[in-house]
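Here are the chains, one letter per residue:
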Amino acid sequence: MYRVQGTLREWVTRDEVRRFIFKKFRDFILTYVNPKNGHGDIEYVRLINEVVSANKCSLEIDYKQFISVHPNIAIWLADAPQSVLVVMEDVAQRVVFDLHPNYKNIHQKIYIRVTNLPIYDQIRDIRQIHLNTMVRIGGVVTRRSGVFPQLQQVKYDCNKCGSILGPFFQNSYSEVKVGSCPECQSKGPFTVNIEQTVYRNYQKLTLQESPGTVPAGRLPRYKEVILLNDLIDCARPGEEIEVTGIYTNNFDMSLNTKNGFPVFATVVEANYVAKKQDLFSAYKLTQEDKEDIEKLARDPQIGERIIKSIAPSIYGHEDIKTAIALAMFGGQEKNVEGKHRLRGDINVLLLGDPGTAKSQFLKYVEKTGQRAVYTTGKGASAVGLTAAVHKDPVTREWTLEGGALVLADKGICLIDEFDKMNDQDRVSIHEAMEQQSISISKAGIVTSLQARCSVIAAANPIGGRYDSSKTFSQNVELTDPIVSRFDILCVVKDVVDPVTDEMLAKFVVDSHFRSQPKGANIDDKAFSESQEESQAPAGLADSKILSQEVLRKYLTYAKLNIFPRFHEKDMAKLTKVYADLRKESSRGQGVPIAVRHIESMIRMSEAHARMHLRQHVTEEDVDMAIRVLLESFISTQKFGVQKALRKSFRQYITFKKDYHGLLLVLLRELVNDAMRFEEILSGSTQMLNYVDVKVVDLQAKAEEYEITNLEAFFSSSEFKACYELDEQRKVIRRHLADDR
């Protein structure tokens, strides 16, 4: 039977071959045991029971399991799917109705859905060789038609003698025409018998290539996908899906009149549709992954590690990294009795001088965040961001097409060059940023679309550089309503500072040096390896940085499983800070503080708790949120006002900032002063074994730099490596034997 005679398509239509496929497939369904499952139960009998209990009519067959048992038939299925699927569906129907006899009263037909097809094709790579075979393609749904009834079996009435003709089976390629009535031999006329004609559901999707897979400088290609029976409405515009189906052609008259010779329009008849975010939704997190993530969360430093892991190739910018980390984790959405919805997403605006890596941050988030859509201010129009109304070329009805904010639903929308947008376009995202919906009333369509996404925008100040002597609103061409919708404002100034500049330059040169070009010589490689070995100790700190893959899994786990709640005592702290801020903002000329800023603090507290996988918001989370909001508020003030504000809010601003390096330098200075004093007194320090420095002296020095809390520093490994703290005598001891 496996020796195919003639073409495969003709071979599988023979009766004996169909009976052979029927028998083998029936055996497969009734006997296949998955070796990975230790239970030893029959896989597809269990699946059939699940299908029946869920009241479905589709049985999913794993292609990889099928090919391991019947390789030849599996290849026939891929190469001549139309004929083989008919036999397989016949088998499935009989097996299901044998096991559950009453089920035929609910569903008359059972469909086979083929999953896990091993070969994945890009839409732009599909050619004539794929015609009438099974293909697997992926992309974003851009348009979806309504659901139409399509003729499946048609019966006709003869108008002369009244007899019923049929049933005639209608396929997608040709129209059924009746020659003459068998009863009275008349040539017609015939009318369709509506009661006995069988229809099926029919819907068309347009599948466009995913934005990330389109080669640079090319336009995205698209394919029409036809959904039948129970597959309809399984994907909405904006969702990324994978379609397994039969690539077929249908004769299109309009194409031929245009081109003057027979050209076929091609479509994919879907057999199985999988959503990409379903593939992401648990990112198929294995039990191992979950254990690793929970183990990571036990690390008390995990918050700092996550912030460090965001765009590790960019030096410094702690505040931006913190803001982006909070935006990626997001707060908790609240629905008050289903009437009033409060958003949980955090919006961030990065405003600053050119060359401070703003766009790099956005690109990093696009690669790491889930459902991230990247767009630029000049390249996006109002309808491109929200939604456009088109006329469907086939049905001539108006259809909606979602824009960037709709595509990024439950994800992140990244807008670069935010200041270059037209004012009319910017007004269109007011509603999307606070209410997180987009209301449309165009061409008779009145509806509201969901846009539940964080907006991270990057903008440049007027004149290119940020001027600290002016207020925030004088520096940027954004109106107050739009600025108040951003929870965090990060002002990035390119300040000349010899020490920082040298460290930044060294970091950039090192990262370029480590990324060796592909065509490097062997001698160069050997040299670079020896260099890397000599630099190894410096790179030990990088072990704290999480890889992008781990960070993505951690994000997914946190978003799926962690929903933090608030305590009442934390609320009192937030109210006090808000009241103080309102008082200060009435004097200053920065961004006005509004009620939205309380909500911002609550959202950030929840995001910080989620970052640590905590189900309850702690005081630490609230302090962190207050610090981020205060820094964002103070950075928008004039330079003169900033110092006074920092002084009045000092206790909040220094929370969890990494001042250890600075404190070590201050402590070293105090030790040197103590040694010089000793040398003046006794003439030499040779006999000294240790030097004591009072804790009070260090505190006084630290307060000059607005550092109030030294406990974290005393418990840090940097301090313990060189110093000892005597808590009773309140002194810090430095053993000089180490230096010698």
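A quick note: this is a predicted structure, and the numbers were derived from the prediction, not measured. (Residues numbered from 1 in each chain as written. Predicted model: local features only at pLDDT ≥ 70, side-chain atom pairs only at ≥ 80, totals over all residues. Heavy atoms only, no water.)

(A) Spatial organisation of the packing of aromatic side chains. One pass over the full model with this rule turns up 9 aromatic pairs. Judged by centre distance (5.7 Å) and plane angle (90°), the rings of Phe418 and Phe486 are edge-to-face. In this pair, Phe418 sits in the loop between strand S17 (412-416) and helix H15 (423-427) while Phe486 sits in the loop between helix H18 (480-484) and strand S21 (488-492), placing the two residues 68 residues apart along the sequence. Chaining the aromatic ring pairs together yields one cluster made of Phe25, Phe28, Tyr32, Tyr44 and Phe66. (Phe/Tyr/Trp six-rings, centres within 6.5 Å; stacked < 30°, edge-to-face > 60°. Helix = DSSP H or I, 4+ residues; strand = E, 2+ residues; numbered from the N terminus.)

(B) Main features of the side chain of Ser83. Within the secondary structure, Ser83 sits in helix H6 (residues 81-99). Beyond its immediate chain neighbours, meaning those up to four positions away, Ser83 contacts Val12, Thr13 and Arg18. (Contact = heavy atoms within 4.5 Å.)

(C) Spotlight on H6. With 19 residues, H6 extends 26 Å from end C-alpha to end C-alpha; this agrees with the ideal 27 Å at 1.5 Å per step. For H6, the complete set of buried residues consists of Pro81, Ser83, Val84, Leu85, Val87, Met88, Glu89, Val91, Ala92, Val95, Val96 and Phe97. (Expected span 1.5 Å × (residues − 1). Buried < 20%, exposed > 50% of the residue type's maximum accessible area, 1.4 Å probe, protein only.)

(D) Spatial organisation of the sheet that holds strand S14 (residues 372-376). The 5 strands lie next to each other as S14-S17-S20-S13-S21, forming an open sheet whose pairing is parallel. Two strands in the sheet have a free side with no partner beyond their single neighbour: S14 and S21. Between one strand axis and the next, the sheet turns through 15° on average, direction left out of account. Note: strand S13 (residues 348-352) against strand S20 (residues 454-459), 4 bridges, orientation parallel. Opposite Leu350, over in S20, you have Ala458 as the bridge partner. On top of the sheet, helix H12 (residues 358-368) reaches S13, S14, S17 and S20; it is set at about 155° to S17, its chief contact. (Pairing = 2+ DSSP bridges. Axes fitted to C-alpha atoms, helices over the stretch in contact; angles between N-to-C directions.)

(E) Main features of the pattern of salt bridges. Applying the stated criterion across every chain yields a total of 20 salt bridges. Where Lys109 meets Glu89, a salt bridge forms, and the shortest distance between an N and an O atom there is 3.6 Å. One end of the pair, Lys109, is in the loop between H6 and strand S2 (111-115); the other, Glu89, is in helix H6, and 20 residues separate them in sequence. By relative accessible area, which is 31% here, Lys109 ends up partly exposed. Across the pair Arg113 and Asp230 runs a salt bridge whose closest N-O atoms are separated by 2.6 Å. Residue Arg113 is located in strand S2, and its partner Asp230 is located in the loop between strand S8 (222-228) and strand S9 (240-251); the two are separated by 117 residues in the primary sequence. One connected set of salt bridges, linked through shared partners, spans Arg343, Asp487, Glu599 and Arg603. (Salt bridge = Lys/Arg side-chain N within 4 Å of Asp/Glu carboxyl O.)

(F) A look at the state of the cysteines. The tally for this structure, following the rule as stated, stands at 0 disulfides. Summary of cysteine pairing: Cys181 is not part of a disulfide, and the nearest cysteine sulfur, belonging to Cys161, is at 3.7 Å. You can call Cys181 buried: its relative accessible area is 1%. (Disulfide = S-S within 2.5 Å.)

(G) Geometry of the packing of helix H5 (residues 71-79) against H6. Relative orientation of the contacting elements H5 and H6 amounts to 120°, with a least axis distance of 6 Å. On the basis of their axis angle, the class for H5 and H6 is oblique. Residue-level inspection shows Trp76, Leu77, Ala78 and Asp79 of H5 in contact with H6, the latter providing Pro81, Val84, Leu85 and Met88. Considering only residue class, the contact of H5 with H6 consists of 7 nonpolar, no polar and 1 charged. (Parallel < 35°, antiparallel > 145°, perpendicular 65-115°, else oblique. Nonpolar A, V, L, I, M, F, W, Y, C, P; charged D, E, K, R; others polar.)

So yeah, pure geometry; function would need other evidence.
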